[in-house]
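# Per-entry structural report
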Amino acid sequence: MRRYHVTTFGCQMNAHDSERIKGLLEELGLGEAATEEEADVLVFNTCTIREKPDTRLAAHLGNARALKERDGERVIAVGGCYAEAQRERIFELYPFVDVAFGPGSISHLADWLGAGGIGVDRGRFGTGEERSFAAELPLHRERRFQAWVQISMGCNSVCSYCIVPKVRGREVSRRPGEILAEIERLAAAGVTEVTLLGQNVNSYGRDVGSGFAELLRAVDAVEGVERIRFTSPHPKDFREPVIQAMAECAAVCEHAHLPLQSGSSRILKTMRRTYSRERFVALAERMRAAVPDLALTTDLIVGFPGETEEDFRETLEAVEEVGFDGAFTFVYSPRHGTEAATLAGQVPGEVKRERIERVVEVVQRVARERNAARVGLVEEVLVEGPSRTDPSLLRGRTRRNTTVNFSGSAVPGELVGVRITDATSTTLRGEQPVAAAA
Ligand code: SAH
Ligand code: SF4
Ligand code: F3S
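Residues numbered from 1 in each chain as written. Chains lettered and ligands numbered in written order. Predicted model: local features only at pLDDT ≥ 70, side-chain atom pairs only at ≥ 80, totals over all residues. Heavy atoms only, no water.

## Some thoughts on helix 12 (residues 309–322)
Taking 1.5 Å per residue as the helical rise, helix 12 with its 14 residues ought to reach 20 Å, and the 20 Å between its terminal C-alpha atoms agrees with that figure. All of the buried residues along helix 12 are Asp 311, Phe 312, Thr 315, Leu 316, Ala 318, Val 319 and Val 322. An end-on view of helix 12 places all buried positions within 155° of arc, on one side of the element. Of the residues one or two after helix 12, Gly 323 is the one with positive phi, at around 70°. (Helix = DSSP H or I, 4+ residues; strand = E, 2+ residues; numbered from the N terminus. Expected span 1.5 Å × (residues − 1). Buried < 20%, exposed > 50% of the residue type's maximum accessible area, 1.4 Å probe, protein only. Arc of directions from axis to C-beta.)

In structure tokens:
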């Protein structure tokens, strides 16, 4: 049997797409290989959000090239956002790549690879005009009780730093009926936690006569779904009905990943985020008032063109003011073809590096304080498996999306109560309460 290996970079949407790529390859009769070395078909599902994933891909492809030099029958396929961004040059940059495809043309992989993964049509790229939902492809499920569910593709925002609209195209929503049918199938197969995915998940629905709040309520009504998550929402589309749906739907988790990007209203404007710091803070307050115990996490960019020390300090202040439970922090990385890459006032590397250290410090302190407030509480935890650092402990996540390592006896997929005993900036420690002796 010929075997495949898929290497995934980037966001949850790519993790989802990779499960579809695997499903497709398995439908062609290929089996999964444990490593790149053992695979006949090597697929790289790429990201190009910053320079770093581009560099990491180059290293992986160097490896793949060496493998192919040893065995010329090996097929190398490059998909995802980097492939789409470089569609004109990909075969020039990497002549040993056999096929390339963008995020909207995964289905073409099957045609190119042919039956059984043999008979590759070398040097071809899918045309971006015929985009289709990866969610319509067969699925290889990585996890038994958790699932990604794609609700839209593309993004209509124009954030000046971001390459995503260029590589993922305009936003198109999936029909609510299709999404719900998929979730019903997943729930019937034992899935209890679904994560709804879109580049801008809460602008969902305008093109199909629906809305994100309606969708949340409909998913909440599906029998067997205990937890609903979604990522990433845009603050500008976080309207009252969505907040109300979060507050009223029992299965919707008390967590929102709400990217702020910068605490300076001046920088937010040049980023084209369409909200000010004040509006973001007011939104966070409304959400916390409506959803008790809500966890808020965020994305922050430092060193955006024109960012002064004063602007940067406003980001630090906003982290304290909102009290984020966690944040992904990024050094601004100019992306070819975006507006921000051409702006004057690019911030020197050493200043960016100094700022990222300072912001990480504040983010960690604030998150540690927020997590410390959980000590003594009993949290509902969905068990995922053994702890990554100590196999004698179990690992799971709270509804607020914090990882907990705990002692006890439970099986993956189970929902258990865990008493929190300790906290760091990113994880909790706990123990399953011992049942009182009869
Ligand atoms: N669609 C999602 C996520 C986009 S990418 C959203 O809008 O929320 C995830 C994060 O990467 C962004 O929120 C942003 O913080 C960061 N990012 C995007 N482009 C970047 C760039 N050019 N340099 C640095 N960080 C960037
Ligand atoms: Fe990029 Fe902005 Fe769209 Fe998010 S909302 S994907 S940051 S353009
Ligand atoms: Fe990367 Fe594409 Fe996601 S650029 S962050 S994989 S949408």
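Now that the structure is up, let's keep going.
## As for the site of ligand 3
Inspection of the region around ligand 3 gives Cys 11, Asn 14, Cys 47, Thr 48, Ile 49, Cys 81, Val 164, Arg 168 and Gln 199 as its neighbouring residues. Classifying every residue of the shell around ligand 3 gives five nonpolar, three polar and one charged. (Near = heavy atom within 4 Å. Nonpolar A, V, L, I, M, F, W, Y, C, P; charged D, E, K, R; others polar.)

## Some points on the sheet that holds strand 16 (residues 394–398)
What the five strands build is a closed barrel, ordered 15-16-17-19-18; its pairing is mixed. Neighbour-to-neighbour, the strand axes of the sheet open up by a mean angle of 50°, direction not taken into account. (Pairing = 2+ DSSP bridges. Axes fitted to C-alpha atoms, helices over the stretch in contact; angles between N-to-C directions.)

## Some details on the pairing of strand 11 (residues 227–231)
Summarising burial for strand 11: five of the five residues are buried, a large majority. The alternating pattern of strand 11 places Arg 227, Arg 229 and Thr 231 and Ile 228 and Phe 230 on opposite faces, both of which are buried. In the sheet, strand 10 (residues 193–197) pairs with strand 11 via five bridges, with the strands oriented parallel. Along strand 11, the bridge assignment pairs Leu 196 with Phe 230. With helix 8 (residues 212–220) bridging strand 10 and the parallel strand 11, this β-α-β connection has right-handed handedness. (Right-handed = clockwise from strand over helix to strand, strands pointing away.)

## Digging into unusual backbone geometry
A cis amide bond, omega -15°, links Thr 231 with the succeeding residue Ser 232. Summarising the element assignment, Ser 232 is placed in the loop between strand 11 and helix 9 (240–248). Unusually for a residue other than glycine, Gln 261 sits at a positive phi of about 75°. Topologically, Gln 261 is positioned in the loop between strand 12 (255–257) and helix 10 (265–271). Look at Arg 272: it is not a glycine, yet its phi comes out positive at around 60°.

## Here's the deal with the packing of helix 11 (residues 277–290) against helix 12
One can describe the packing of helix 11 onto helix 12 by two numbers: an axis separation of 11 Å at closest approach and a directional angle of 15°. The orientation of helix 11 relative to helix 12 falls into the category roughly parallel. Relative to helix 12, helix 11 is oriented so that their crossing is right-handed. Between helix 11 and helix 12, the contacting residues are Arg 277, Phe 280, Val 281, Ala 284 and Arg 288 on the first element and Glu 314, Glu 317, Ala 318, Glu 321 and Val 322 on the second. (Parallel < 35°, antiparallel > 145°, perpendicular 65-115°, else oblique. Left-handed = near helix turned anticlockwise from the far one by under 90°. Contact = heavy atoms within 4.5 Å.)

## Here we look at the sheet that holds strand 10
With parallel pairing, three strands are arranged side by side in an open sheet as 7-10-11. The open sheet has two edge strands with one neighbour each: strand 7 (146–150) and strand 11. Each adjacent strand pair in this sheet contributes to an overall mean axis angle of 25°, direction not counted. Its contacts with the sheet place helix 7 (residues 176–188) against strand 7 and strand 10, and it is angled at close to 170° to strand 7. Sheet contacts for helix 8: strand 10 and strand 11; angle to strand 11, the most-contacted strand, approximately 150°.

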